[in-house]
Each structure stands twice: as C-alpha cells, then as structure tokens.
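Results of the structural survey
Here is what each chain is made of, one letter per residue.
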Amino acid sequence: MPLKGLKIGFLGGGAMGEALLTGLIRTGLASSVLYVSDISASRLDYLKQKLGVNTTPDNIYMVKEVDIVILAVKPQSAAAVLKKIAVAVRPGQTFISIAAGITTGLIESYLEGHIPVIRVMPNTPCLVGEGASAVSAGKYAGEESVARALAVFAAAGKAVEVPESLLDCVTGLSGSGPAYMYMILEGFIDGAVRLGLPRQVARELIAQTMLGAARMVLESDEHPGKLKDMVTTPGGTTIAGLFALEEGALRSLLMKAVAAATQRSRELSG
Ligand SMILES: NC(=O)c1ccc[n+]([C@@H]2O[C@H](COP(=O)([O-])OP(=O)(O)OC[C@H]3O[C@@H](n4cnc5c(N)ncnc54)[C@H](OP(=O)(O)O)[C@@H]3O)[C@@H](O)[C@H]2O)c1
C-alpha cells in the first residue's frame with residue numbers, strides 16, 4: 001500500500017480537496033494522517049466537523065507536517081501559493097498538483113531543489129467516488145511518487161498514468177467528459193419526453209443505462225463495437241436508432257469535440 005504510514009496534506013480544501021479527503025477516508029486512512037490548509041476559516045471548520053481531519057490556516061506549517069502535498073487551489077491562485085511554500089517543500093516529499101493547465105516544469109521552477117512533482121487531471125465525478133484521473137510525472141518524480149499519486153486518486157475513482165504531453169488530450173476527453181455526458185443525457189431525456197415519457201422516469205432510465213453500459217465496457221474488456229453488436233438484432237429497434245445517430249454523424253461529432261477541447265486546453269496552458 002503506497003500510502004501506508006504517510007501523512008497527506010491539501011493546500012486548499014474546496015470541492016476537489018473535500019472529494020479526495022472523503023475518498024481517502026473511505027479507503028481506510030485515518031483522519032489523523034490527513035491535513036488541509038485553506039484561507040477560509042469557515043471551510044476549515046466545516047472540514048474538521050465533517051471529516052475530522054487536521055486543519056490549519058497556515059500553508060507552510062501544513063507542508064512541513066506531511067509526506068505528500070496536494071496543491072488543490074484554483075489555477076489563478078497557484079503561483080502565489082507555490083512562491084510562499086517553496087521554502088518548506090523537501091525532496092523526500094511527493095508534490096502533487098491538480099491545478100488545471102499548470103505544468104510540472106512551471107511548478108518545479110517555483111520549488112527549490114529536485115522536488116518530485118506529479119501533475120494530475122481529475123474530473124468532477126471524484127465528488128461521488130467515480131472520478132477518472134490521469135497522473136503525469138515531472139522530471140524528478142520516480143516510480144514511488146507515481147504510485148503514491150495513483151493511490152490517492154484511485155481513492156476517488158479510477159486513475160491511470162500518461163506522459164504529460166498527453167494531459168491536454170485527457171483534459172479534452174475525461175476532464176471535459178462529464179459535460180459531454182450530461183448533454184447526451186439531456187438530449188435522450190428530451191427525446192423520450194417528446195414521445196410522452198415523464199421526465200423523471202426518462203432521467204432515471206437513461207442515466208442508469210449510461211452507468212450500466214459504462215460498467216459493461218469496464219468490466220467485460222470487450223470492444224464497445226462488439227457490445228453494441230450484441231444488442232443489435234437484424235431489422236430490430238436498436239439498428240433503427242443507430243441509423244438515426246449515424247445519419248447525424250455522431251462519431252465524427254464526438255471526435256471533433258475531443259479535438260476542440262484538447263486544442264483549447266493547449267491554448268490555455270500555453
Ligand atoms: N472541480 C473539478 O472538476 C476539477 C477538475 C480538474 C481539475 N481541477 C482543479 O482542482 C483545483 C481545485 O478545484 P476546486 O473545484 O476544488 O476549487 P475550489 O472549490 O475553489 O477550492 C479551492 C480552495 O482553495 C482555497 N484557497 C484559495 N487560495 C488559497 C491559498 N492561498 N491558500 C490556501 N487555500 C486557498 C479556496 O478558498 P476560497 O474559496 O475562499 O478562495 C477554496 O476553498 C483547481 O486548480 C482546478 O483547476 C478541478
């Protein structure tokens with residue numbers, strides 16, 4: 001267990017910080033090894049009450065206390081926080097950042113010495129323990145730091161490693177992905193409402209269908225095309241629906257969405 005005996009601290013206890021702390025506690029880590037620092041006293045009170053974790057308004061104190069530091073403030077606050085805490089970060093630590101668009105190279109340039117830095121792109125379903133996160137190692141980060149980061153983010157869903165050059169693509173796929181899924185769900189719900197199904201019923205049926213199909217893909221290891229073929233009877237209902245989607249060029253549209261979001265991510269971090 002890569003996190004055994006380690007203390008983990010979050011710089012920023014917002015939505016993501018809370019989601020990850022909750023996940024780590026759910027996997028069995030004691031609240032006593034978890035730390036959070038935040039500029040908002042009310043946020044710290046809330047996290048202390050709800051999760052029983054150690055809280056402090058002092059970012060430097062927190063960084064000195066822990067083995068894994070997770071930068072979880074908004075990207076526009078990241079540079080100011082990095083400048084202040086740089087003196088307290090040490091090479092034996094793993095420094096993880098989830099600040100969108102901020103490269104490991106930039107973080108390394110703020111920190112003093114050869115600090116193992118890991119950059120992560122998580123997504124909002126981390127809030128319900130079903131996140132999809134990709135982690136990328138900076139130039140001083142070895143296997144141990146990557147394993148630590150994978151373990152932290154696996155506590156809130158699934159986590160994989162990719163080279164940092166592919167992190168913009170991850171942003172365009174799973175980072176922005178929840179919004180694509182919501183839009184697809186909305187379209188299907190409206191489609192059913194148009195034909196007379198009550199909205200609540202349509203919502204529950206199609207959201208569960210998306211969840212079920214996703215689990216079939218993850219658990220069966222089959223190609224999605226094969227799973228699709230298995231529910232498509234010749235001359236039946238499904239092929240009629242698939243034909244309508246194909247007429248709308250669904251797959252090329254989805255490919256364009258990933259490309260557009262990836263391009264935008266490159267522009268924002270470049
Ligand atoms: N949410 C997502 O789906 C998602 C996905 C991928 C990546 N990310 C990244 O995750 C990071 C956190 O996102 P979030 O949604 O959790 O943001 P958030 O809810 O705004 O949380 C950030 C927290 O940090 C606090 N903070 C601000 N400046 C600070 C400082 N100098 N020292 C200590 N704490 C400070 C904020 O306090 P105040 O509110 O009082 O300013 C807030 O409580 C962002 O960088 C974002 O790019 C998020």
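Just so it is clear, the structure is predicted and the values come from calculations on it, not from any experiment. (Residues numbered from 1 in each chain as written. Predicted model: local features only at pLDDT ≥ 70, side-chain atom pairs only at ≥ 80, totals over all residues. Heavy atoms only, no water.)

Here strand S1 (residues 8–11) shows a buried face lined by Ile8 and Phe10 and a second buried face lined by Gly9 and Leu11. Sheet topology note: the S1/strand S2 (residues 34–37) ladder contains four bridges and is parallel. Bridge pairing in S2 places Ile8 opposite Leu34. After leaving S1, the chain enters helix H1 (residues 15–26) and then returns to the sheet as S2, a path that is right-handed. Taken together, the four bridges between S1 and strand S4 (residues 68–71) define a ladder with parallel strand orientation. Counterpart to Phe10 in the pairing with S4 is Ile70. (Buried < 20%, exposed > 50% of the residue type's maximum accessible area, 1.4 Å probe, protein only. Helix = DSSP H or I, 4+ residues; strand = E, 2+ residues; numbered from the N terminus. Pairing = 2+ DSSP bridges. Right-handed = clockwise from strand over helix to strand, strands pointing away.)

Another aspect to go through is helix H4 (residues 75–85). Along H4, the residues classified as buried are Ala78, Val81, Leu82 and Ile85. Burial along H4 is one-sided: seen end-on, the buried residues are contained in an arc of 105 degrees. Across from the buried face of H4, at angles greater than 90 degrees, the exposed residues are Gln76, Lys83 and Lys84. Looking at the buried residues of H4, the elements they touch are S1, helix H3 (59–65), S4, strand S5 (94–97) and helix H5 (104–110). (Arc of directions from axis to C-beta. Contact = heavy atoms within 4.5 Å.)

On to the site of the ligand. Of all residues adjacent to the ligand, which total 21 residues, the nearest are Met16, Asp38, Val73, Ile98 and Thr124. A distance of 2.8 Å is found between an oxygen atom of the ligand and a backbone nitrogen or oxygen belonging to Met16. Within the backbone of Ile39, an N or O atom sits 3.5 Å from a nitrogen atom of the ligand. Surface burial for the ligand is 75%, taken as the share of its 900 Å² of free accessible area covered by protein chains. Sorting the residues of the shell around the ligand by element identifies H1 and H4 as the ones contributing at least two each. Residue classes in the shell around the ligand are distributed as twelve nonpolar, seven polar and two charged. (Near = heavy atom within 4 Å. Polar contact = N/O pair within 3.5 Å; in protein donor to acceptor, adjacent residues only side chain to side chain. Areas by Shrake-Rupley, 256 points an atom, 1.4 Å probe, with all protein chains shown as cover. Nonpolar A, V, L, I, M, F, W, Y, C, P; charged D, E, K, R; others polar.)

Bringing the pattern of salt bridges into the picture now. The full count for this structure, using the stated rule, is twelve salt bridges. The salt bridge partner of Glu18 is Lys50, with a shortest N-O separation of 2.8 Å. Highlighted residues: Glu18 in helix H1 and Lys50 in helix H2 (residues 41–51), separated in sequence by 32 residues. Accessibility expressed as a relative area gives 12% for Glu18, which makes it buried. Measuring nitrogen to oxygen at the nearest pair gives 2.5 Å for the salt bridge that ties Glu246 to Arg251. Salt bridges sharing partners connect three or more residues here, namely Glu18, Arg43 and Lys50. (Salt bridge = Lys/Arg side-chain N within 4 Å of Asp/Glu carboxyl O.)

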